[in-house]
Amino acid sequence: MSGGVKMQFRRILAELVYFGVRFIKRLFFMQDGTCRFEPTCSQYTREAIQLLPLHKALPKIIRRVSRCHPRGGFGYDPVIPKNVNQKEKM
Amino acid sequence: MNKDKIAMFALIIATLLFFQSPVGDSVVAKFFPAKNVPVADSTNAADQPEALLTKVAAPASARLTGEDSPIVDTVAVAATPAVTDSTNSTTADSTVAVAPVAPVAPIKPDTTTIENDRIRLVVAGDGARIISAKLKRYSYAKEMGHGDSIPVELVADPARGFAGAAINNQSLNKSIFVYAKGADGRHTFTTLVNGVEVKKSFVFADSSYVVGYELESALLKGASASILFSSGISETETKDNWGMTRNPRLLSIKSGKDLEKINKKFDRKSVAGKFDWVTMSSAYFAVAVMPSSIQDGAVEALSEQITPAPKDKPGNLIYSFAHTANAVGSKSNYDIYFGPTKITELQALNVGLNKTVFSGWKLFFGANMWFPAICEFTLWLMNAFFIVFHDYGIAIVLITVILRLVTFPLTQSSMKSMSKMRDLQPKLQAVQEKYKNNPQMLQAKMIELYREEGVNPLSSLGGCIPMLLQMPIMIAVYNVVSKAVELRGKSTVLVPWVKDLSQKEALINLPFTIPVPFTSGYDTIALLPLIMAVLMFVQTKMSMKGANSNDPNQMMMLYMMPVMMFFMFYNMPAGLTVYFTFSSILQIVQQYFVDRANAKKSSSVTIVK
């Protein structure tokens, strides 16, 4: 994990959003489990905020959430496919 | 990873604490400056009444009919805070009064009490103003269930009162009226203004919260008449968790299809239009003024801070207003509603007054149009259950059952799917690990795995969106429980120690207040929030069975959520905690059966294999 105040801020923001979503879901007795995608939308959001600058993360998040309907596709859909991610790391 | 979470919680707590602190208040005040009329204290006002009046009257005179407008003065007098000493107020006001000035000696004019079976009005001789309006069927929360109940008082400040009158913007509030009882529930007050007779009548009907108001005088021909509600509506409830902001006082103005609800601080507001009604309402009670003939008129309103007002919160604001319109012939007529904000009562008036009770957020899919209807339906259902069972606790429980039944297909399919997915998780992770460098292959393998195990994410009812449908219903239940006057003072057999479902629960009343950040402090010991938190913990634990117990996210859900819910619901209305507790129980039961069915199925599958 690279340092930097900006990165740290992003990671904290990601946790904040994730927690907020979970809290609201809990408040309304909404179940996890019917997710069409892997990772789930809230995990995806957290990941996106962590990995990308906000102006890139936000459109991705909106696109992803708006695909959560019967004709929206399904399956494995990470923010950044893992192989690409690994190349970056190297 | 964990560091981030800790930082996040620290951030949340720091932010909340900041806005609770005096420093935060001053920052808020800096960015959202309060533009209120400078409220002088009573001694100040008595010292220099002209200064106050000129200051406020100057911008207003242009707005009204163009004449110099003493009506503003009467409202300006209202701008001074509660004047406890009546002689003091007389001296302060005497410069304003254009009507025959009362003798200098502090005369205490006669007061008259008029009542029917629901309301009791006390009318003062000076100005024939209503200085007390009591609702006989509603008592203060403290006295509720204590035998000799004290009816709630709607007039916040008797020195100013309700239903004052002005002709051509000249206040009659200092004129001395003489009372005479008329026929058919008519109570008439008469005075002379410049030698001309002015009659002010209140017309009472049996079993009604509506009082007719009539101002009649030869002076009114071609003149404008005003009705002055210089006093705001009083606070009848004790403070709750959020310091009264849950049900802030409202000033609602309806003209045609436009309904304006104001619960903000404003300077001095003057609007022109054809008004159906002007209403000021508190948490559970309202005073609505309905002109008998809807014609061009003006509403002048004022917001003030209640004293003592520790913070600039909307709940601590109080509104006064005046309605001015041309007289019809020599008369000016109004209907005035003094009563509870009970939907059925308000609907019966058939002027859309029920719209003041429940509101929706316009920006959220035009919720201002459909959300009140959901709330009213929920309340109607609750009242229907109440008629059968005579218990609002049972009514709330039945509504919970109905809500769970309606959303059953959704929750059931997602619970089933989740239960299976949980069993599948290790296999899924193995597949992901194996094909992590080949997304296309991974996709194919995942579909294969789902098919093999009989899990189909596509079979669920269209993703997460339908789950959102139950949100409005839940918010409606919350709204109904915290706003419906029907629940005020009602207890339930389900939780016998709850005296009032609309108030926070008190198993034991503490003689002191435990200061808790973000709340007005806890002065009771409550049991339901604890039960609710424990049930929430149990439910989360059940749904996590077999999952990786070292996952920090899961741990956060497991421990932090119940703790947060506990604090959040501690001072909430008991009706709401009843709802949440029972909803948790139902969910646990459902979860238990789904898990058991799933376990049976998977074990039989292994046997076959």
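For the structure, see preceding data.
Notes on the structure follow. (Residues numbered from 1 in each chain as written. Chains lettered and ligands numbered in written order. Predicted model: local features only at pLDDT ≥ 70, side-chain atom pairs only at ≥ 80, totals over all residues. Heavy atoms only, no water.)

1. Considerations on the overall build of chain A
From N to C terminus, chain A includes four helices and two strands. Its helices and strands taken in sequence order, chain A reads α-β-α-α-β-α from the N to the C terminus. Burial analysis of chain A (90 residues in total) assigns 47% to the buried set. Intrachain contacts of chain A at a sequence separation of at least 6 include 71% that bridge at least 24 residues. Carbon and sulfur atoms form 63% of the exposed surface of chain A, whose accessible area is close to 4,900 Å². (Helix = DSSP H or I, 4+ residues; strand = E, 2+ residues; numbered from the N terminus. Buried < 20%, exposed > 50% of the residue type's maximum accessible area, 1.4 Å probe, protein only. Contact = heavy atoms within 4.5 Å. Areas by Shrake-Rupley, 256 points an atom, 1.4 Å probe, with all protein chains shown as cover.)

2. A closer look at a nonpolar patch on the surface
A grouping of Trp361(B), Leu363(B), Phe364(B) and Phe365(B) is seen on the molecular surface, where their side chains present a nonpolar patch of about 580 Å² in accessible area. With respect to the helices and strands, Leu363(B) occurs in the loop between helix H7 (343-348) and helix H8 (367-389). (Patch = residues over 30% accessible without salt bridge, like charges linked within 9 Å, V, L, I, M, F, W, Y side chains within 5 Å. Salt bridge = Lys/Arg side-chain N within 4 Å of Asp/Glu carboxyl O.)

3. A few points about the pattern of salt bridges
All names here are of chain B. The final tally for this structure, using the stated rule, is 13 salt bridges over all chains. For Glu115, the salt bridge goes to Lys136, with nearest N and O atoms at 2.7 Å. Separated by 21 residues along the polypeptide, Glu115 in strand E1 (residues 111-115) and Lys136 in strand E3 (residues 130-139) bring together distant segments of the chain. Looking at Glu115, the relative accessible area reads 43%, which means it is partly exposed. By relative accessible area, which is 31% here, Lys136 ends up partly exposed. Across the pair Glu345 and Arg118 runs a salt bridge, and its minimum N-O distance is 3.3 Å. One end of the pair, Glu345, is in helix H7; the other, Arg118, is in the loop between E1 and strand E2 (119-124), with 227 residues separating them in the sequence. Overall, Glu345 belongs to the partly exposed group, its relative accessible area being 22%.

4. A word on the sheet that holds strand E12 (residues 250-255) of chain B
Residue and element names in this part refer to chain B. Reading across from one edge, E7-E8-E9-E10-E19-E16-E15-E12-E13 is the order of the nine strands in this open sheet, with antiparallel pairing throughout. Among the strands making up the open sheet, the edge pair consists of strand E7 (178-181) and strand E13 (258-262). Averaged over all neighbouring strand pairs, the angle between strand axes comes to 20°, with direction disregarded. Looking at chain direction, E12 and E13 are connected through five bridges and run antiparallel. Counted as the bridge partner of Leu251 is Ile262 from E13. (Pairing = 2+ DSSP bridges. Axes fitted to C-alpha atoms, helices over the stretch in contact; angles between N-to-C directions.)

5. Structural notes on the packing of aromatic side chains
In the structure shown here, the tally under the stated rule is 20 aromatic pairs over all chains. Judged by centre distance (4.9 Å) and plane angle (80°), the rings of Phe19(A) and Phe9(B) are edge-to-face. Within this pair, whereas Phe19(A) is found in helix H1 (residues 5-27), its partner Phe9(B) is found in helix H1 (residues 2-20), the two belonging to separate chains. Phe9(B) carries the same exposure label as Phe19(A), and that label is buried. With a centroid separation of 6.2 Å and an interplanar angle of 20°, the aromatic rings of Phe162(B) and Phe338(B) are classed as stacked. Of the two residues, Phe162(B) sits in the loop between strand E4 (151-153) and strand E5 (164-167) while Phe338(B) sits in strand E19 (residues 331-340), which places them 176 residues apart along the sequence. Like Phe338(B), Phe162(B) is buried. Here the aromatic residues Tyr179(B), Phe189(B), Phe202(B), Tyr213(B) and Tyr334(B) are joined through ring pairs into a cluster of three or more. The residue whose ring lies beneath Arg118(B) is Tyr209(B), and the NZ or CZ to ring-centre distance is 4.7 Å. Stacked on the ring of Phe177(B), the Lys or Arg Lys200(B) has its end atom at 5.9 Å from the ring centre. (Phe/Tyr/Trp six-rings, centres within 6.5 Å; stacked < 30°, edge-to-face > 60°. Lys NZ or Arg CZ within 6 Å of the ring centre and 35° of its normal.)

6. With respect to helix H10 (residues 408-434) of chain B
If you check H10(B), its first and last C-alpha atoms are 37 Å apart, about what 27 residues at 1.5 Å a residue would give, namely 39 Å. Approximately 55° is the largest bend angle found in H10(B), and it occurs at Leu424(B), with the proline Pro426(B) only one to four residues beyond. (Expected span 1.5 Å × (residues − 1). Bend = angle between axes of the 7 residues up to and from the residue.)

7. Overview of the sheet that holds E2(B)
Residue and element names in this part refer to chain B. Read across the open sheet, the four strands follow the order E1-E2-E3-E4; overall the sheet is antiparallel. Lying at the two open borders of the sheet, with one neighbouring strand each, are E1 and E4. Shown here is a sheet whose adjacent strand axes are inclined to one another by a mean of 25°, direction ignored. Alignment of E1 against E2, held across five bridges, turns out to be antiparallel.

8. Digging into the nonpolar core
Residues and elements named next belong to chain B. Counting 112 residues, the largest nonpolar core has Phe162, Phe202, Phe229, Leu251 and Phe338 as its most contacted members. The residues that make up this core include at least three from each of domain 1 (3-16 + 377-599) and domain 2 (33-360). The residues contacting Leu251, other than those within four sequence positions of it, are Glu260, Lys261, Ile262, Phe266, Val278, Thr279, Met280, Ala301, Tyr319 and Phe321. Within the second largest apolar cluster, ten residues are counted, among which are Leu428, Val431, Tyr435 and Leu449. (Core = buried A, V, L, I, M, F, W, Y, C linked by side-chain atoms within 4.5 Å. Domains from an automatic or database assignment.)

9. Notes on helix H11 (residues 439-453) of chain B
Residues and elements named next belong to chain B. Look at H11: 21 Å from first C-alpha to last across 15 residues, which is about the 21 Å you get at 1.5 Å a residue. All of the buried residues in H11 are Leu442, Met446, Leu449 and Tyr450. Down the axis, H11 shows its buried residues gathered within 100° of arc, on one side only. Along H11, the residues that are exposed and aim more than 90 degrees away from the buried face are Gln440, Arg451 and Glu452. (Arc of directions from axis to C-beta.)

10. A few points about the side chain of Ser281(B)
All names here are of chain B. Residue placement: Ser281 occurs in strand E15 (residues 277-281). Judged by its relative accessible area of 3%, Ser281 falls in the buried class. If we skip the residues at most four places from it in the chain, Ser281 touches Ile233, Pro248, Arg249, Leu250, Ala286 and Thr341.

11. A word on the pairing of E3(B)
Residues and elements named next belong to chain B. Counting buried positions along E3 gives seven out of ten residues, so the element sits mostly inside the fold. Looking at chain direction, E2 and E3 are connected through five bridges and run antiparallel. Bridging across to E3, Leu121 finds its partner in Ala133. Where E2 folds back onto E3 in an antiparallel hairpin, the turn is made up of five residues, including Gly127, whose phi is positive at roughly 85°.

12. Considerations on the packing of H8(B) against helix H9 (residues 392-406) of chain B
Residue and element names in this part refer to chain B. The contact between H8 and H9 brings their axes to 8 Å, and the two run at 125°. The pairing of H8 with H9 is recorded here as oblique in orientation. Considering how the two elements wind past one another, H8 and H9 form a crossing that is right-handed. Within the contact between the two elements, H8 uses Thr378, Leu381, Met382, Asn383, Phe385, Phe386 and Phe389 and H9 uses Tyr392, Ile394, Ala395, Ile396, Leu398, Ile399 and Ile402. (Parallel < 35°, antiparallel > 145°, perpendicular 65-115°, else oblique. Left-handed = near helix turned anticlockwise from the far one by under 90°.)

13. Considering the side chain of Ser171(B)
All names here are of chain B. Following the sequence through the fold, Ser171 ends up in strand E6 (residues 170-171). Given a relative accessible area of 8%, Ser171 falls into the buried group. There is a polar contact of 3.0 Å between the side chain of Ser171 and the backbone nitrogen of Asn173. (Polar contact = N/O pair within 3.5 Å; in protein donor to acceptor, adjacent residues only side chain to side chain.)

Shape descriptors only; they carry no functional weight alone.
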